[in-house]
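Working through the structure, step by step
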Amino acid sequence: MTAPRRTRLDPDARRAQLVELGVRALSKASLYDVNLDEIAAAAGISRSLLFHYFGSKRRFQLAVVQAAAAGLLQGTDPDPALPAAQQLRASIEDSVDYVSSRRDLYLSLVRGAASGDAAMQEIFDRTRAALVDRIMDGIAELGGDPGDPLLPIAVRAWLAFTEEAIISWTPGGPVPRERLTEFLESSFYRAVLA
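To start, this report covers the structure provided alongside it. Not measured: the values here are computed from a predicted model.

1. Notes on helix α10 (residues 177-192)
With 16 residues, α10 should cover 22 Å at 1.5 Å per step; its first-to-last C-alpha distance of 22 Å lies within 8% of that length. Those residues of α10 lying buried are Leu180, Thr181, Leu184, Glu185, Ser187, Phe188 and Val192. The arc enclosing the buried residues of α10, seen along the axis, measures out at 155 degrees, which places them on a common side. Exposed and oriented more than 90 degrees from the buried face of α10 are Arg179 and Arg190. Tucked inside the fold, the buried residues of α10 contact α5 (84-101), α7 (118-136), α8 (139-142) and α9 (150-168).

2. Some details on the packing of aromatic side chains
For the structure on display, the rule yields 4 aromatic pairs. Consider the rings of Trp158 and Phe188, whose centres lie 5.1 Å apart with planes at 75 degrees: the pair is edge-to-face. Here Phe188 lies in helix α10 and Trp158 lies in helix α9, a separation of 30 residues in the sequence. Since its relative accessible area comes to 0%, Phe188 is described here as buried. Where Phe161 meets Phe183, the ring centres are 5.8 Å apart and the plane angle is 55 degrees; that geometry is what we call tilted.

3. Quick notes on the packing of α5 against α9
Each pair of packed helices can be described by the angle between their axes along with the distance between the axes. The contact between α5 and α9 brings their axes to 9 Å, and the two run at 40 degrees. When the interaxial angle is binned, α5 and α9 end up oblique. Pair α5 / α9 crosses with right-handed handedness. Together, Leu88, Ile92, Ser95, Val96 and Val99 of α5 and Trp158, Ile166 and Ile167 of α9 make up the contact between the two elements. Counted by class, the contact of α5 with α9 contains 7 nonpolar, 1 polar and no charged residues.

Rules of the game
Residues numbered from 1 in each chain as written. Predicted model: local features only at pLDDT ≥ 70, side-chain atom pairs only at ≥ 80, totals over all residues. Heavy atoms only, no water. Helix = DSSP H or I, 4+ residues; strand = E, 2+ residues; numbered from the N terminus. Expected span 1.5 Å × (residues − 1). Buried < 20%, exposed > 50% of the residue type's maximum accessible area, 1.4 Å probe, protein only. Arc of directions from axis to C-beta. Contact = heavy atoms within 4.5 Å. Phe/Tyr/Trp six-rings, centres within 6.5 Å; stacked < 30°, edge-to-face > 60°. Axes fitted to C-alpha atoms, helices over the stretch in contact; angles between N-to-C directions. Parallel < 35°, antiparallel > 145°, perpendicular 65-115°, else oblique. Left-handed = near helix turned anticlockwise from the far one by under 90°. Nonpolar A, V, L, I, M, F, W, Y, C, P; charged D, E, K, R; others polar.

Here is the structure:
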């Protein structure tokens, strides 16, 4: 295998390249097992230059997790022109597809948050809050009272439930994707809007 040809990039483009390589590596290894030497080699730079751009392994990891979280939000963002019920259904379907096709990446994001690292937890919390806000934006149209202070808590709990169900599901296994999606959608109405 030949090393990639070294290409000069401006600092922002190089950082973006390294983060993208880090996100790709997360799809195959946990956050803490991502090999910085391999990332640097794939970018055609030295490991020390990677540290020049991020300052430390931890800062690189945080940038990678932030990019992964942004990818999750983008990959599950429903069309805002749809009615709220269709947005909910589309978001569930997109979440099932996103997580099942990027299982290791998603697990790295969740486990990074569970690691006790405050910065990782903050990224996870911001991502979860954005998902809660997305649902709360249409809660009245779904039949909920937007002024009820319990609803955001119920939505957050339902998201955790949904996350666990999707992680536990096996694509191509005994539970078809459509059945999982219907189950998660009906659980929203039964648990959140009960």
